[in-house]
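A closer look at the structure
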Amino acid sequence: MRLLTAIITFFLLLPAAMVIQYYEYSREIKSVGPYPLLPSGKEGGHSITFSTPTQSLAEIECTGGSGSLEIVDIFSGEIVFSALIHGQISEELVIPHEGSYYVAYFGNGSLSCVIRFKENYPTESVQNAIYTTGTVSALVLAILLWRRWRR
C-alpha cells in the first residue's frame, strides 16, 4: 500500500515538475537567421525552413523587397502566417504546434529575415496530458488516503 501511495504521489507531483521545466525552457530566446530570401516563382522558389519542438510565440523581422510573405506548415500545408511587405516588417505570430515550417516570399527584390522564438509553451495535447495526469493522480491519492483514514 505504501508503494502504491508513493507512485501515486509521484504522478501527482510530475505535472508540477513538467510545468517548471517548460517555464525554464520558455525563457530561452532562440533565433533563426538572418537569411537572405529570394522571391519564389512558378519555376520553384527559395525558402527558409525551421523546426520548433513546442508551440511558440515568435517574432519575424524582414527587410528589403516588397510583396507577400507566408509561413507554412510543411506537413499539413496550412498557412500559419501571412503578411504584406513594403521594405520592412516586424510582426509577432504564434507557431501553433511543434513541427517543421517554411517561410516563402513572393514579390520583388530580395529579403533578409530573422525569426526569434520569444516564448515556448507546451502544445495543447501536452497540456491536456499534464492536467489529466495530475487530476487522476490527485483523485486516486484522495481515495487511497480516505480508505486508510476510515479504517
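The structure displayed is predicted, hence computed values, not measured ones.

**Examining the side chain of Thr52**
As for its position among the elements, Thr52 is in strand β2 (residues 47-52). A polar side-chain atom of Thr52 sits 3.1 Å from a polar atom in the side chain of Ser56. Here Thr52 is in contact with Ile95, His97, Glu98, Gly99, Tyr101, Phe117 and Asn120, once residues within four sequence places are set aside.

**Re the state of the cysteines**
Enumeration over the complete set of coordinates arrives at 1 disulfide. Paired through a disulfide, Cys62 and Cys113 show a sulfur-sulfur distance of 2.2 Å. Measuring handedness by torsion sign, the sulfur bridge of Cys62 and Cys113 sits at about 115° and is right-handed. With Cys62 in strand β3 (residues 55-73) and Cys113 in strand β6 (residues 111-121), the pair connects residues that are 51 residues apart, well separated along the chain. For the residue pair Cys62 and Cys113, the accessibility class agrees, reading buried in each case.

**Section: the environment of Ala104**
Mapping Ala104 onto the fold places it in strand β5 (residues 99-108). What makes Ala104 buried here is its relative accessible area of 5%. C-alpha of Ala104 to C-alpha of Ile71: the two residues are 33 residues apart in sequence and 6.4 Å apart in space. Those residues within four positions of Ala104 in sequence are excluded, and the remaining contacts are Ser68, Leu69 and Glu70.

**Regarding the packing of aromatic side chains**
Applying the stated criterion across every chain, the model contains 2 aromatic pairs. Pairing Phe50 with Tyr101 gives two aromatic rings, centres 5.7 Å apart and planes at 20°, and the pair type is stacked. Here Phe50, found in strand β2, pairs with Tyr101, found in strand β5; they are 51 residues apart in sequence, far enough to count as distant. Residues Phe50 and Tyr101 agree in their burial class; the two are buried. Here the aromatic residues Phe50, Tyr101 and Phe117 are joined through ring pairs into a cluster of three or more.

**Description of helix α2 (residues 124-150)**
Over its 27 residues, α2 extends 39 Å from the first C-alpha to the last, a length consistent with the 39 Å expected when each residue adds 1.5 Å. Burial in α2 covers these residues: Ile130, Gly134, Ser137, Leu141 and Leu144.

**Some remarks on the environment of Ser90**
Examined against the element boundaries, Ser90 turns out to sit in strand β4 (residues 79-95). Ser90 sits 23 residues away from Cys113 along the chain, and the two C-alpha atoms are 9.7 Å apart. If we skip the residues at most four places from it in the chain, Ser90 touches Glu59, Ile60 and Glu61.

**Overview of a nonpolar patch on the surface**
On the surface, a nonpolar cluster with roughly 400 Å² of combined accessible area is contributed by Leu3, Ile7, Phe10 and Phe11. Following the sequence through the fold, Ile7 ends up in helix α1 (residues 2-26). The exposure class assigned to Ile7 is partly exposed, which follows from its relative accessible area of 37%.

Calculation rules
Here the residue numbers are simple positions, counted from 1 along each chain's written sequence. Where totals are concerned, whole chains, interfaces and linings use all residues; where local detail is concerned, this predicted model gives features only for residues with pLDDT of at least 70, and gives and counts side-chain atom pairs only at 80 or more. Working from all heavy atoms in the structure, the side-chain values ignore hydrogens and water. Here a helix means four or more residues in a row that DSSP labels H or I, a strand means two or more in a row labelled E, and each is numbered from the N terminus. Pairs of N or O atoms are called polar contacts if they sit within 3.5 Å, as long as, within protein, a hydrogen donor faces a hydrogen acceptor (for residues adjacent in sequence, only side-chain-to-side-chain pairs). Whether two residues are in contact is decided by their heavy atoms, any of which lying within 4.5 Å being enough. Note on disulfides: each one is a pair of cysteine sulfur atoms within 2.5 Å. For the exposure calls, accessible area comes from a 1.4 Å probe over protein chains only, and a residue counts as buried if that area is under 20% of its type's maximum, exposed if over 50%, partly exposed in between. Put simply, two rings from Phe, Tyr or Trp (the six-membered ring, in Trp's case) pair if the centres are within 6.5 Å, and we call them stacked under 30 degrees between planes, edge-to-face over 60, tilted for the rest. In this analysis, the expected span of each helix is defined as 1.5 Å times one less than the number of residues it contains. In this analysis, a patch consists of residues with relative accessible area above 30% that form no salt bridge, clustered at 9 Å for like charges and at 5 Å for the nonpolar side chains Val, Leu, Ile, Met, Phe, Trp and Tyr. Here the Shrake-Rupley method, with its probe set to 1.4 Å, supplies the accessible areas, and only the displayed protein chains count as covering residues. The salt bridge criterion pairs a side-chain nitrogen of Lys or Arg with a carboxyl oxygen of Asp or Glu, the two atoms within 4 Å.

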